[in-house]
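Remarks on the overall topology
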Amino acid sequence: MAIIFDESREIFRLLTANSEYQMKVDDIGVLLHNYYGRPSCDTDMSYQILSVDRGFSGNLFENRANRGRSIDVLPQEYSGCGVGDYRISSINVTAKNGSRSCDLRYKSYEIIEGKQPIAGLPSVREYDDDVSTLIITMEDQVIGLEVQLFYSVFTDKDVITRHTRFINVSDKKLQLEKAASAMLDVQFGSWDEIHFSGRHCMERQMSRNKLTQDIKVISSKRGMSSHHENPFVILCDHGATETYGDCYGMMLMYSGNHKIEIEQDQAGSTRIVAGINDENFSWCLEAGESFDTPEAIMAYTSEGLEKLSHIYHNIIRENVCDRKYMDVKRPILINNWEATYFDFTAEKIIDIASAASELGVEMMVLDDGWFGKRDDDNSGLGDWFVNEKKLNGGLSRLSEEIGKLGMKFGLWFEPEMVNEDSKLFREHPEWALVDPDRHPTMARNQLVLDMSNPKVQDYLFNCISNILDNANISYIKWDFNRSISNVFSKNLPNKKQGEVAHRFVLGTYSLLERLLDAYPGLMIEGCSGGGGRFDAGMLYYCPQIWCSDDTDAIERLEIQEGTSFGYPVSAVGSHVSASPNHQTGRSTPLYTRGVVAMSGTFGYELDVTKMSDEEKAEVKEQIATFNKYYWLIQKGDYYRLVNEEQAEIYKAWEFAAVDKSEALVNIVVKKSQANAKIKIIKLRGLEEGALYSLEDTDKVFSGAALMYGGFAINIAMGDYPSAQLHFVRQ
Ligand code: DGJ
């Protein structure tokens, strides 16, 4: 059993294959966090919680004579507010009488087999996994609030998912002002925090910082998870490397405003609190009502960052994304965006598709500009009706023509947006998020629709269904091209305006769910100006997300590597684009562009009709290579073969089969140098004693030689050379 309640010691033990999570109810009902780490061999880890009387750390009334037991110091499961824990609160709540205190005490527990979904929110799916769930109910009897803490233990996956439910059991209204999904107190250790920040066209850059007595906040208030701060943090030993050290991961499965706070306190303990961003959040809980938070995916390993990444890759591939995508090969696509931008006709798209189909491309995706009045990015959003002037014969003819080429057809939408210059806005200005009596803040000359309004959801569902019903479309690219501001819904009363940002996200999730239910064969690729909404929430609906609007292969090395800490390659939308690149002006060999794009879902984003015969032949080869390695790339273990000393010179990464039967190593040189040092690539994930031959050569190496000695390679000539090496066990 993965969850044990030991009555004699009053401890809860949550056991995964390689970790143990423990908590204990103390003598006055405070739920203490005992431990999270390697399995304890059935030890009550509360022996580590010592009583220390720290000045200015007060005591709950029952403990007034016991000064060593301050909730300002004790490690807890879920902190209350206003009653003496001065570290980060997990909850902020205001009672009808204005009181802002909440003192949560243990009430009861329940253990259930399996895992319940969270209504309206994406959550980690249970398939045939060994999962059980612990539900601990805490209460504040004074204000009449129950807080249920959900822990689902995925034993074999080394993952614990968490979320929190708030139930107003009083007869008066309660106002939630902060409602964290999960909290983790780690009592001891010297930690680094790692998070992934960036900007449009440079998402998810790893930032590693030593924690000091301080609070670090990773957050977004853009209405989306954002290019700027991904909702994922890692806590690791100062000395942790790819292959060594304690690491904790906390990932929020949410696509809206998020906040992950990390505090090191006066005693050197570390607290992580993760959930919806409390800025611009407020939720009215009437008597009897309840509120569920998004889910957090928590993991621990003692084996370094690489192992932590593998844990997240597995759970996302197998239990966050719809598992059907695990065993179905996804099509290699060509997207017309960087080939034509808004300037295309049906004939041009058919020409691109036709040339691409001859090379082995399997799907044509028509990007922005096919609908309404949309010749640039200033108008048309919201009018999801085909522009017959551009697309003579409409989408049904176009999809038919593309079908005749043996290709699938995909289409771009940006459902949550509207331009002022659109029929939709002229008819329904009240459907946009706009403050009363104030000009809205504009971005890309567009406004954001009020997804919290069911009428807006219905309108979008009907428009999209109408398009899907009248053409042969198997894929949607779902874009989102601005941050949200002026978060005011004309559809909700004043007292509920603090709910709009979260209701917006719920509205988007609901629309996605409805479409996928109605069109089970449809695949949706997420996108938000590239990777502005690259999170586990969107991955629940979209098995792949366009990773960045930066298609430069050399910049993508950094973006895709940062992304790889939390997310699997099978989720990373990556295409070969033109050279010189449209974002950086850099020229990169076609071969190297292919190597980088293959570490993703793979496709093309250029005008193939303009390619020379030699280039076309190379594309054909690239496609054959990608198809050959498809399952190894999608399902193999991903290794960052980082060599800190040479990181600015080259990057190397590897896909190794889980059964260790083969490995594909990719090397891209970022900086060619005269008289360069030999590059030594130390492989991982091989069988030490087995022999591996290097494909297309007569060279044979033992797994141990490749892993501990390394493979020596000398590539340094020209701009951005690269290589792929395939090792196969004999
Ligand atoms: C942003 C996306 O990331 C691009 O790929 C493209 O679809 C444009 N939007 C279209 O407006």
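Residues numbered from 1 in each chain as written. Predicted model: local features only at pLDDT ≥ 70, side-chain atom pairs only at ≥ 80, totals over all residues. Heavy atoms only, no water.

1. Re the environment of Tyr 312
One can find Tyr 312 in helix α1 (residues 304-320). Taking the relative accessible area as the measure of exposure, Tyr 312 reaches 0% and is therefore buried. As for Tyr 312 and Pro 568, which are separated by 256 residues in sequence, their C-alpha atoms are 7.6 Å apart. With sequence-adjacent residues up to four places away left out, Tyr 312 is seen in contact with Phe 232, Gly 249, Met 250, Met 251, Ile 297, Met 298, Ala 299 and Gly 566. A distance of 3.5 Å separates a polar side-chain atom of Tyr 312 from the backbone nitrogen of Met 250. (Helix = DSSP H or I, 4+ residues; strand = E, 2+ residues; numbered from the N terminus. Buried < 20%, exposed > 50% of the residue type's maximum accessible area, 1.4 Å probe, protein only. Contact = heavy atoms within 4.5 Å. Polar contact = N/O pair within 3.5 Å; in protein donor to acceptor, adjacent residues only side chain to side chain.)

2. Quick notes on the sheet that holds strand β30 (residues 576-577)
Spatial strand order, β29-β28-β27-β26-β23-β22-β21-β31-β30: nine strands in an open sheet with parallel pairing. Sheet topology places β29 (572-573) and β30 at the edges, where each strand pairs with a single neighbour. Sheet topology places strand β21 (residues 333-335) next to strand β22 (residues 363-366); three bridges connect them, and they run parallel. Pairing of Leu 333 across the sheet is with Met 363, part of β22. (Pairing = 2+ DSSP bridges.)

3. Observations concerning the layout of surface pockets
A water-sized probe rolled over the atoms picks out the places where empty space is left. Taken as a whole, the largest pocket spans an internal volume of roughly 590 Å³. Contributing elements (two or more residues each) for the lining of the largest pocket: β12 (202-210), α9 (553-564), β33 (650-656) and β35 (679-681). For the lining of the largest pocket, the per-class residue count stands at 10 nonpolar, five polar and 10 charged. Considering only enclosed or pocket space, the second largest pocket measures out at about 370 Å³ in volume. Forming the walls of the second largest pocket are 29 residues, and the residues nearest its centre are His 200, Asn 481, Gly 529, Gly 530 and Asp 549. Tallied by class, the residues present in the lining of the second largest pocket amount to eight nonpolar, 11 polar and 10 charged. (1 Å grid on protein atoms, 1.4 Å probe; cavity = no way out; pocket = protein on both sides within 12 Å on 5 of 7 lines; lining within 4 Å. Points joined across faces, edges and corners; volume = space filled by probe spheres on them. Nonpolar A, V, L, I, M, F, W, Y, C, P; charged D, E, K, R; others polar.)

4. Considering the sheet that holds strand β39 (residues 722-729)
The strand order across the open sheet built from six strands is β32-β33-β34-β39-β36-β37, with neighbouring strands paired in antiparallel fashion. Each edge of the sheet is formed by a strand with only one pairing partner; in this case those strands are β32 (637-640) and β37 (700-702). Here the strands of the sheet are splayed against their neighbours by 25° on average, with no regard to which way each runs. Relative to strand β34 (residues 662-669), β33 is paired through seven bridges, and the arrangement is antiparallel. By the bridge assignment for β34, Trp 653 is matched with Asn 666. In the packing of helix α11 (residues 613-635) onto the sheet, contacts are made with β32, β33, β34 and β39, and the angle to β34 comes to roughly 105°. (Axes fitted to C-alpha atoms, helices over the stretch in contact; angles between N-to-C directions.)

5. What to know about the site of the ligand
Around the ligand, 13 residues are found, and the nearest of them are Asp 367, Asp 368, Lys 477, Asp 479 and Asp 549. In this structure, Asp 367 approaches the ligand through a side-chain N or O atom, which is 2.6 Å from an oxygen atom. Between the ligand and the protein, one listed contact pairs an oxygen atom with a side-chain N or O atom of Asp 368 at 2.7 Å. Summarising the interface, the protein chains cover 98% of the accessible area of the ligand, which totals 290 Å² for the free molecule. Put simply, the ligand lies in the second largest pocket. Looking at the shell around the ligand, its residues break down into four nonpolar, three polar and six charged. (Near = heavy atom within 4 Å. Areas by Shrake-Rupley, 256 points an atom, 1.4 Å probe, with all protein chains shown as cover. Sits in = over half its atoms within 2 Å of the grid points.)

6. Considerations on empty space enclosed by the protein
In total, this model carries nine cavities of 30 Å³ or more according to the counting rule given. If you add up the space inside the largest cavity, you get close to 140 Å³. The wall of the largest cavity is formed by 14 residues, among which Leu 557, Gln 560, Glu 561, Tyr 638 and Trp 653 lie closest to the centre. Sorting the residues of the lining of the largest cavity by element identifies α9, β32 and β33 as the ones contributing at least two each. Sort the elements by how many residues they give to the lining of the largest cavity and α9 lands first, with five residues. The residue inventory of the lining of the largest cavity, partitioned by class, reads seven nonpolar, three polar and four charged. Each of domain 2 (332-416 + 454-486 + 510-635) and domain 3 (639-729) contributes no fewer than three residues to the lining of the largest cavity. (Domains from an automatic or database assignment.)

7. What to know about the domain arrangement of the protein chain
The domain architecture assigned to the protein chain consists of domain 1 (3-320), domain 2 (332-416 + 454-486 + 510-635) and domain 3 (639-729). Using only C-alpha atoms to locate each centre, domain 1 and domain 2 end up separated by 37 Å. Contact with domain 1, which involves 37 residues of that partner, is made by 36 residues of domain 2. A buried area of about 2,800 Å², summed over both sides, lies between domain 1 and domain 2, and 56% of it is on carbon and sulfur atoms. It is Arg 204, Met 224 and Arg 317 in domain 1 that bury the most area against domain 2; as a group they hold 21% of the surface buried on that side. Counting across the domain 1 and domain 2 interface gives zero salt bridges. Counting across the interface, domain 1 meets domain 2 through 23 residue pairs in polar contact (both at pLDDT 80 or more). Those elements giving two or more residues to the side of domain 1 that touches domain 2 turn out to be β12, β14 (229-237), β15 (247-253) and α1. (Buried area = accessible area lost by both parts, 1.4 Å probe. Salt bridge = Lys/Arg side-chain N within 4 Å of Asp/Glu carboxyl O.)

8. Digging into α11
End to end, α11 covers 33 Å across 23 residues, agreeing with the expected 33 Å (1.5 Å per residue, within 8%). Residue Tyr 629 marks the point of greatest curvature in α11, where the axis turns by about 60°. Residues of α11 that are buried include every one of Val 619, Gln 622, Ile 623, Phe 626, Tyr 629, Tyr 630, Leu 632, Ile 633 and Gln 634, and no others. (Expected span 1.5 Å × (residues − 1). Bend = angle between axes of the 7 residues up to and from the residue.)

9. Side note on unusual backbone geometry
Cis geometry is found at the peptide bond from Ser 579 to Pro 580, where omega equals 0°. Relative to the elements of secondary structure, Pro 580 occurs in the loop between β30 and α10 (590-597). Of note in the backbone geometry, Arg 444 takes a positive phi value of approximately 50° without being a glycine. Here Arg 444 shows up in the loop between α5 (423-427) and β25 (446-448). Among the residues examined, Arg 444 registers a relative accessible area of 29% and is labelled partly exposed. Despite not being glycine, Tyr 720 shows a phi value in the positive range, around 50°. The topology assignment puts Tyr 720 in the loop between β38 (711-713) and β39. Among the residues examined, Tyr 720 registers a relative accessible area of 15% and is labelled buried.

10. What to know about the packing of aromatic side chains
Taken as a whole, this structure holds 41 aromatic pairs when the rule is applied. Geometrically, the ring pair formed by Tyr 78 and Phe 166 is tilted, given 6.4 Å between the ring centres and 55° between the ring planes. Remark: Phe 166 occurs in strand β9 (residues 159-168) and Tyr 78 occurs in the loop between β4 (31-37) and β5 (91-94); sequence separation between them is 88 residues. For the pair shown, Tyr 78 and Phe 166 are each scored as buried. Each ring, one from Phe 371 and one from Trp 412, has its centre 5.9 Å from the other, and the planes form 10°; the classification is stacked. With Phe 371 in the loop between β22 and α4 (394-404) and Trp 412 in strand β23 (residues 408-413), this pair connects stretches of sequence that are 41 residues apart. Both residues of the pair, Phe 371 and Trp 412, count as buried. Ring pairing ties together the aromatic residues Tyr 21, Tyr 36, Tyr 151, Trp 191, Tyr 248 and Tyr 300, which thus form one cluster. Sitting above the plane of the Phe 565 ring, Arg 640 keeps its charged end 3.6 Å from the centroid. (Phe/Tyr/Trp six-rings, centres within 6.5 Å; stacked < 30°, edge-to-face > 60°. Lys NZ or Arg CZ within 6 Å of the ring centre and 35° of its normal.)

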